[in-house]
Amino acid sequence: MKNNLLHLVFSILIYVLFSLPILAQPEDLTQVWPAQWIAPADAPWKSYAMHRFRKTIELDTVPDQLVVHSSGDNRYQLFVNGERVTYGPQRGDLNHWYYESTDIAPYLKPGKNVLAAQVLNYGSHPPDAQMSVQTGFVLAAGDQAFRFLNTGQGWKAIHDPSCSPNLVDGSQVQGYYGGGSREIVDGRKLYWGWSEVDYDDSPWPGAQRVESAFAKTCIWASRWKLTPRTLPHEFLTDQRFQSVRRSEGAAIPEGFPQEAVPVTIPANTKATLVFDQGVMTTAYPVLQVSGGRGATIRLEYVEAPNIGPVKARNKGHRGEIAGKELIGYYDQFTADGGKKRTYEPIWWRAFRYIEISIETQEEPLVIEDFFSRFSTYPFTTEATFSMKGMPEAEQDTLAKILEVGERTIRLCAHDTYMDCPYYEESQFEGDTRVQALISYVLFGDASLGKNAIEQFSWSLNSEGFLSARYPTNSTYYIPNYSLYWIGMLYDYMMYAGDKAFIRQKLPVARILLGYFLDRLREDGTVKRPDYHNFVDWAFPRGEAPFDDDGYAALVDLHLLLALQWAMKLEAYAGDFHYYDQYMTVADRLQEAIPKHYWKSDRQLYADTPEGDKFSTHTNHLAILTGIAQGEAAAKLMRHALTDTTLTQPTVYWQFYQFEALRAAGLGQEYLDNLGIWKTMLHAGATTWPETTLRSRSECHAWGASPNYHLYTITAGIRPAAPGFESVRVAPQLKEGQSLQCTHPHPKGAIRLDLKKENGKLTGTIGLPSGTNGELITETGAVELTTGNNKL
């Protein structure tokens, strides 16, 4: 009886043990990975090429979860059973080569499965922001039980001969271009269905091992230092073109392109179709065609059409194309004659218009569908702003300025912030400081701003500079931009706090300031810094004016501003030794600047001691640094706003102009000075151009400062302490005006519902739980507490 009972218990235990799912055994990915970097054998590893990879596996059952970690060089997409499951890598550098982690279990099935990847190497013409070792792909399962998935033995790889580069040149763009090659794809050579389960890959050779995969934290030397992705993937959504604005050689059926309706291009025909998205966008164009073997289809991406010579940059109204020329870089696809063939580039494109030029051969070509897949960083809008008590047309204009500004910010936010999505796709400190501040206010999201601060810090060189843009495969330094990085760190401190991160980055700020402190003269001013002393494109080559002895007010003022930021950073998370050192230097600068640059006959600060050059920029910084205060600052600001003999700011420097306006106590005049944006709206701009209406780029986020200033000047909401622990509200309303505003906060939202009547402010101010602050009025400060504060 006893033996029978023991036998029964033993049998039950065996049944239970074998019925339980196999417990995951997580891989240790902190050292050497159990996977290899692989590439196709006998294929170009450093030239422009598209490479394809496959691994066939058999599964008896599908696990509840199966996470794989993958990356590629330069760009890659991973497919499971023909369905794209991830893409990347997130853009970094060789010492921070990101990998994506993806649960592929939902895409698997019992029986035969295929993991497949495509990897594009840009070769000799990569985007400026793209770093590279060589072609490579790596994948490792997160569970030791699934090591058979890992790249190495059993993977196949082949060079796809269908892809070649369009090396973008001066005939396709209107100035400096750093976005990398575009694609030329011959569908007659493409391995159609290559990612599907039933594709016959028997002719494909085995992949060749490149080297072992190493984590960033690994003790051994390696070329790629793998580190987990830190940002979410981009938001993707399908969007239809608004209209076909021009067509030659093809009849456009009713309903197209707003819905999928076949368009037939006859045999032996040249046809042109101009598609209009209605607004600027960043998106993957998706073209589906049938038949038409040998037909070439060129997709030319255009921000705005031109009037006359391209170099003149005369674009007129952005929504008008009659009599204009559409010029832009292009992708090209050649049809193979198959049914419902889809062409989609591996990376998004920036455009408002796409001109499709088609030349068919002996077969007609059918365009089954053409749309695009919108792609941008997944910000969520948390802020709201509306005003009344002004003409309805003005209210509409403000709303439109906010709409266009938010679109501009979104199109310049992807794996990193970008100066512009069409020409350079590069993250610059000067641009990024403005973009990050707008993101904090509009979206309450500091993740991309923190990422930028982190990545710029990686670029520190032995001279004491940060790269002006980063990530980058080139060398470019702008001294003032290194100082703006300190401003970015200060801004992040005020909106996010994060003392540990600030403390970690303060040594970088000290090195940057050390370069300038080593160049101080006996009189307290700064010798001319090395490299490109860019301030604003309003100046020749964008550079601050210098005299023959290397004196420049804008250099001295930028250093003073950076010292003031650094002092607050050191007080929050650093060392008072540096605070005291910076205060000493700042005090000397505050004495030296008026002695060298103030010109009493003009009642202005000059750009150089000679007093023959004057700019708004120098006088704005004199106010922002506190050299001019109170009534003197207000007088100087009005002079700078009205004296047209001064070098005038472009749309970028408007940010600092209006920061100075606020500092001078003239915030109520902000709404009266939005002329540059109204002019661009009148010209049909759907994103803000780089400098003026005659700009190279049509989408530069540094021009979106109204999306910051309407909240921080007109509504007057700003952090009063690091981490937004305290709130300062200083509304700038005129008599009869009212505003309703929501501003995101780390603990919730700040809500304003205010009106100015009979010289008094009435309404409510709501602060989130655990937050206090003060309301600044014309008669003094009023304490604000958690919850609803009724005025």
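One can find the structure itself at the top, above this paragraph.
Note that this is a predicted model, so its numbers are computed, not measured. (Residues numbered from 1 in each chain as written. Predicted model: local features only at pLDDT ≥ 70, side-chain atom pairs only at ≥ 80, totals over all residues. Heavy atoms only, no water.)

1. A short note on the overall build of the protein chain
Item 1. A tally of helices and strands in the protein chain yields 13 helices and 33 strands.
Item 2. Its C-alpha atoms give the protein chain a radius of gyration of 29 Å, near enough to 28 Å, the size a compact globule of 791 residues would have.
Item 3. In terms of overall dimensions, the protein chain has a C-alpha envelope of 95 × 85 × 55 Å along the principal axes.
Item 4. Per-residue burial for the protein chain yields a buried fraction of 60% across its 791 residues.
Item 5. Of the contacts formed within the protein chain by residues at least 6 apart in sequence, a portion of 74% connects residues at least 24 apart.
Item 6. Surface summary for the protein chain: the accessible area is close to 30,500 Å², and the carbon and sulfur share equals 50%.
Item 7. Computed over 74 positive and 91 negative side-chain charges, the inter-centroid distance for the protein chain is 1 Å. (Helix = DSSP H or I, 4+ residues; strand = E, 2+ residues; numbered from the N terminus. Rg over C-alpha atoms; globule rule 2.2 N^0.38 Å. Buried < 20%, exposed > 50% of the residue type's maximum accessible area, 1.4 Å probe, protein only. Contact = heavy atoms within 4.5 Å. Areas by Shrake-Rupley, 256 points an atom, 1.4 Å probe, with all protein chains shown as cover. Lys, Arg positive; Asp, Glu negative; His and termini not counted. Charge placed at Lys NZ, Arg CZ, Asp CG, Glu CD.)

2. Some points on the sheet that holds strand β29 (residues 748-757)
Item 1. Taken together, the five strands give an open sheet; going across it, the order is β23-β28-β29-β30-β33, and neighbouring strands pair in antiparallel fashion. Every other strand in the sheet has two partners, leaving β23 (384-388) and β33 (787-790) as the edge strands with one partner each. When strand polarity is set aside, the average angle formed by the axes of neighbouring strands in this sheet is 10 degrees.
Item 2. With eight bridges joining them, strand β28 (residues 738-745) and β29 adopt antiparallel strand pairing. From the neighbouring strand, Pro744 faces β29, where its bridge partner is Ala749. (Pairing = 2+ DSSP bridges. Axes fitted to C-alpha atoms, helices over the stretch in contact; angles between N-to-C directions.)

3. Examining the packing of aromatic side chains
Item 1. Within the structure shown, the criterion is met by 51 aromatic pairs.
Item 2. Taken together, a centroid distance of 5.8 Å and an interplanar angle of 65 degrees make the contact between Tyr199 and Trp204 edge-to-face. Of the two residues, Tyr199 and Trp204, neither departs from the other in class, the shared state being buried.
Item 3. When the centroid spacing of 5.5 Å and the interplanar angle of 80 degrees are considered together, the rings of Phe465 and Tyr531 count as edge-to-face. Separated by 66 residues along the polypeptide, Phe465 in the loop between α4 (447-457) and α5 (479-496) and Tyr531 in the loop between α6 (499-517) and α7 (553-573) bring together distant segments of the chain.
Item 4. Put simply, the rings of Tyr481, Tyr484, Phe534, Trp537, Trp565, Tyr652, Trp653, Phe655, Tyr656, Trp702 and Tyr708 pair up and form one aromatic cluster. (Phe/Tyr/Trp six-rings, centres within 6.5 Å; stacked < 30°, edge-to-face > 60°.)

4. Some details on the environment of Asp530
Item 1. Along the chain, Asp530 turns up in the loop between α6 and α7.
Item 2. Judged by its relative accessible area of 31%, Asp530 is partly exposed.
Item 3. Between the alpha carbons of Asp530 and Glu463 there is a distance of 9.9 Å; along the sequence they are 67 residues apart.
Item 4. When residues no more than four places from it in sequence are discounted, the contact partners of Asp530 are Phe465, Pro479, Tyr515 and Arg519.

5. Looking at α6
Item 1. Relative to the 27 Å expected for 19 residues at 1.5 Å per residue, α6 spans 26 Å between its end C-alpha atoms, a close match to the ideal helical length.
Item 2. Of all the bends found along α6, the most pronounced is centred on Lys505 and spans about 35 degrees, while Pro507, a proline, follows it within four residues.
Item 3. Taken together, the buried positions of α6 are Phe501, Ile502, Lys505, Leu506, Val508, Ala509, Leu512, Leu513, Tyr515, Phe516 and Leu517.
Item 4. On its buried face, α6 sits against α4, α5, α7 and α8 (576-597). (Expected span 1.5 Å × (residues − 1). Bend = angle between axes of the 7 residues up to and from the residue.)

6. Overview of the sheet that holds strand β26 (residues 717-719)
Item 1. Sheet architecture is open: four strands sit in the order β26-β27-β31-β32, paired in mixed fashion. Every other strand in the sheet has two partners, leaving β26 and β32 (780-784) as the edge strands with one partner each. Here the strands of the sheet are splayed against their neighbours by 25 degrees on average, with no regard to which way each runs.
Item 2. Pairing of strand β31 (residues 772-777) with β32 involves five bridges; the strand directions are antiparallel. Bridge pairing in β32 links Thr777 to Gly780.

7. Thoughts on the side chain of Asn113
Item 1. With respect to the helices and strands, the residue Asn113 is situated in strand β7 (residues 111-121).
Item 2. Overall, Asn113 belongs to the buried group, its relative accessible area being 0%.
Item 3. Polar side-chain contacts of Asn113 include one of 2.7 Å to the backbone oxygen of Lys109.
Item 4. Not counting residues within four places of it along the chain, the set of residues in contact with Asn113 comprises Lys55, Thr56, Ile57, Leu59, Asn81, Tyr107 and Leu108. (Polar contact = N/O pair within 3.5 Å; in protein donor to acceptor, adjacent residues only side chain to side chain.)

8. A closer look at the side chain of Thr625
Item 1. Relative to the helices and strands, Thr625 is located in the loop between α9 (616-624) and α10 (630-642).
Item 2. A distance of 3.4 Å separates the side chain of Thr625 from the backbone oxygen of Ala622, its partner in a polar contact.
Item 3. Setting aside chain neighbours within four positions, we find Thr625 in contact with Leu557, Leu560, Leu561, Gln564 and Gln590.

9. Some remarks on α7
Item 1. Taking 1.5 Å per residue, 21 residues should reach 30 Å; α7 reaches 30 Å between its end C-alpha atoms and fits that length.
Item 2. Burial runs high along α7: 18 of the 21 residues are buried.

10. Digging into the nonpolar core
Buried together is how nonpolar side chains tend to be arranged in soluble globular proteins.
Item 1. With 194 residues, the main nonpolar core has Phe370, Trp485, Ile486 and Leu752 as its most contacted residues.
Item 2. With 14 residues, the top contributor of residues to this core is α7.
Item 3. Listed in part, the 23 residues of the second largest apolar core include Tyr76, Leu108, Leu139 and Ala157. (Core = buried A, V, L, I, M, F, W, Y, C linked by side-chain atoms within 4.5 Å.)

11. Quick notes on the pattern of salt bridges
Item 1. In the structure shown here, the tally under the stated rule is 40 salt bridges.
Item 2. The salt bridge involving Glu757 is made with Lys755; its shortest N-O contact spans 3.4 Å.
Item 3. Classification of Glu757 as partly exposed rests on a relative accessible area of 37%.
Item 4. On the basis of relative accessibility, which here comes to 34%, the residue Lys755 falls in the partly exposed class.
Item 5. One network of salt bridges, with partners in common, ties together Asp128, Glu424, Arg469, Glu690 and Arg696. (Salt bridge = Lys/Arg side-chain N within 4 Å of Asp/Glu carboxyl O.)

12. Thoughts on the packing of helix α11 (residues 654-663) against helix α13 (residues 706-714)
Item 1. Taken N-terminus to C-terminus, the directions of α11 and α13 make an angle of 5 degrees; their axes are 11 Å apart at the nearest point. Between α11 and α13, the angle is such that the two are roughly parallel. On α13, the residues touching Gln654, Phe655, Phe658, Glu659 and Arg662 of α11 are Tyr708, His709, Thr712 and Ile713.
Item 2. For the contact of α11 with α13, the per-class residue count stands at four nonpolar, three polar and two charged. (Parallel < 35°, antiparallel > 145°, perpendicular 65-115°, else oblique. Nonpolar A, V, L, I, M, F, W, Y, C, P; charged D, E, K, R; others polar.)

13. Topic: a nonpolar patch on the surface
Item 1. On the surface, a cluster of nonpolar side chains totalling about 340 Å² of accessible area is made up of Val32, Ile219 and Trp220.
Item 2. Here Trp220 lies in the loop between β12 (208-215) and β13 (225-228).
Item 3. Judged by its relative accessible area of 52%, Trp220 is exposed. (Patch = residues over 30% accessible without salt bridge, like charges linked within 9 Å, V, L, I, M, F, W, Y side chains within 5 Å.)

14. Examining the pairing of strand β21 (residues 349-359)
Item 1. The element β21 is largely enclosed, with a buried count of nine among its 11 residues.
Item 2. Pairing between strand β17 (residues 270-291) and β21: 10 bridges, direction antiparallel. Looking at the pairing, Ala283 lines up with Arg349 of β21.
Item 3. Where strand β18 (residues 296-302) and β21 come together, seven bridges link them in antiparallel fashion. Across the sheet, Arg298 pairs through a bridge with Ser357, a residue of β21.

15. Looking at the pairing of β13
Item 1. Across three bridges, the pairing between strand β6 (residues 97-103) and β13 is parallel. Residue pairing in the sheet places Tyr98 in a bridge with Thr227 of β13.
Item 2. As paired strands, β12 and β13 are joined by two bridges and run parallel to one another. Looking at β13, one finds that Phe214 is bridged to Lys225.

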